[in-house]
Amino acid sequence: MPINTATDPAFAWQETALCAQAGPEFFFPAPGSSTREAKQLCNACEGRQACLEYALDNDERFGVWGGLSEKERERLRRVGREQA
Ligand code: SF4
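A quick note: this is a predicted structure, and the numbers were derived from the prediction, not measured. (Residues numbered from 1 in each chain as written. Predicted model: local features only at pLDDT ≥ 70, side-chain atom pairs only at ≥ 80, totals over all residues.)

### What about the UniProt feature "domain: 4Fe-4S Wbl-type" (unreviewed entry) in the protein?
What counts is decided by this rule: UniProt positions are given in the numbering used here, feature names are shortened, and annotations may be inferred rather than shown by experiment. Elements are defined by DSSP. Helices are runs of H or I of four residues or more, strands are runs of E of two residues or more, and each kind is numbered from the N terminus.
The sites that UniProt annotates as "domain: 4Fe-4S Wbl-type" (unreviewed entry) are residues 18-75. The span residues 18-75 is 48% helix and 0% strand, and its two end C-alpha atoms sit 25 Å from each other.

### Remarks on the nonpolar core
Selection criterion: In this usage, the nonpolar core is the set of buried Ala, Val, Leu, Ile, Met, Phe, Trp, Tyr and Cys residues whose C-beta atoms join them within 7 Å. Exposure criterion: with C-beta atoms placed from backbone coordinates, a residue whose C-beta has 20 or more other C-beta atoms within 10 Å is buried, one with 12 or fewer is exposed, and one in between is partly exposed. Contacts are defined on C-beta atoms placed from the backbone: any two residues whose C-beta positions lie within 7 Å are in contact.
Listed in full, the 10 residues of the largest apolar core are W13, A17, A38, C42, C51, L52, A55, V64, W65 and L68. Elements with a contribution of two residues or more to this core: α2 (36-43) and α3 (48-57). Looking at this core, the element that brings in the most residues is α3, giving 3 residues. Dropping the residues within four chain positions of it, W65 is found in contact with C51, L52, A55, E60 and R73.

### Quick word on the environment of W13
Here W13 shows up in the segment before α1 (24-27). Linking W13 and R73, residues 60 residues apart in sequence, is a C-alpha distance of 19 Å. Non-local contacts of W13, meaning those with residues more than four positions away in its chain, are made with G47, A50 and C51.

### Considerations on the site of the ligand
Selection rule: Whether a residue is near a molecule or strand depends on its C-beta atom, generated from backbone atoms, being within 6 Å of that molecule or strand. Only Asp, Glu, Lys and Arg are considered charged, only Ala, Val, Leu, Ile, Met, Phe, Trp, Tyr, Cys and Pro nonpolar, and every remaining residue, Gly among them, polar.
Near the ligand lie 14 residues; those nearest to it are A17, C19, C42, C45 and C51. Of all the elements in the fold, those that place two or more residues in the shell around the ligand are α2 and α3. Residues that form the shell around the ligand fall into these classes: 10 nonpolar, 3 polar and 1 charged.

### Some thoughts on the UniProt feature "binding site: [4Fe-4S] cluster" (unreviewed entry) in the protein
According to UniProt, the "binding site: [4Fe-4S] cluster" (unreviewed entry) feature falls on C19, C42, C45 and C51. With the annotated positions falling across 33 residues, the maximum pairwise C-alpha distance of 11.0 Å places them together in a single cluster. On the secondary structure map, C42 appears in helix α2. C42 has contacts with R48, V64, G66 and G67, leaving out every residue within four places of it along the chain.

### Brief notes about unusual backbone geometry
Phi at D59 is positive, roughly 55 degrees, even though this residue is not glycine. Position of D59 relative to the elements: it lies in the loop between α3 and α4 (70-83).

Next comes the structure, spelled out in structure tokens:
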């Protein structure tokens with residue numbers, strides 16, 4: 001079901017998502033490709049923290065979210081579990 005970002009403040013970060021201006025291949029690069037440019041865009045995105053939290057909460061497995069690759073998010077999840 002599509003999310004209505006205009007009425008749900010939890011998804012307001014999507015309104016200013018810089019990645020919306022880039023192609024999907026930019027944020028979902030082929031395995032082994034660089035994620036550096038996507039991460040640079042994330043670093044300039046004002047919704048970065050909310051985006052990362054969304055990806056972690058929803059167990060997004062692919063692509064760059066909130067400036068982190070899937071491997072970096074997995075590492076963050078593991079550290080969180082070990083500290084819980
Ligand atoms: S932090 Fe990166 S992936 Fe998330 S909305 Fe911004 S540009 Fe897109």
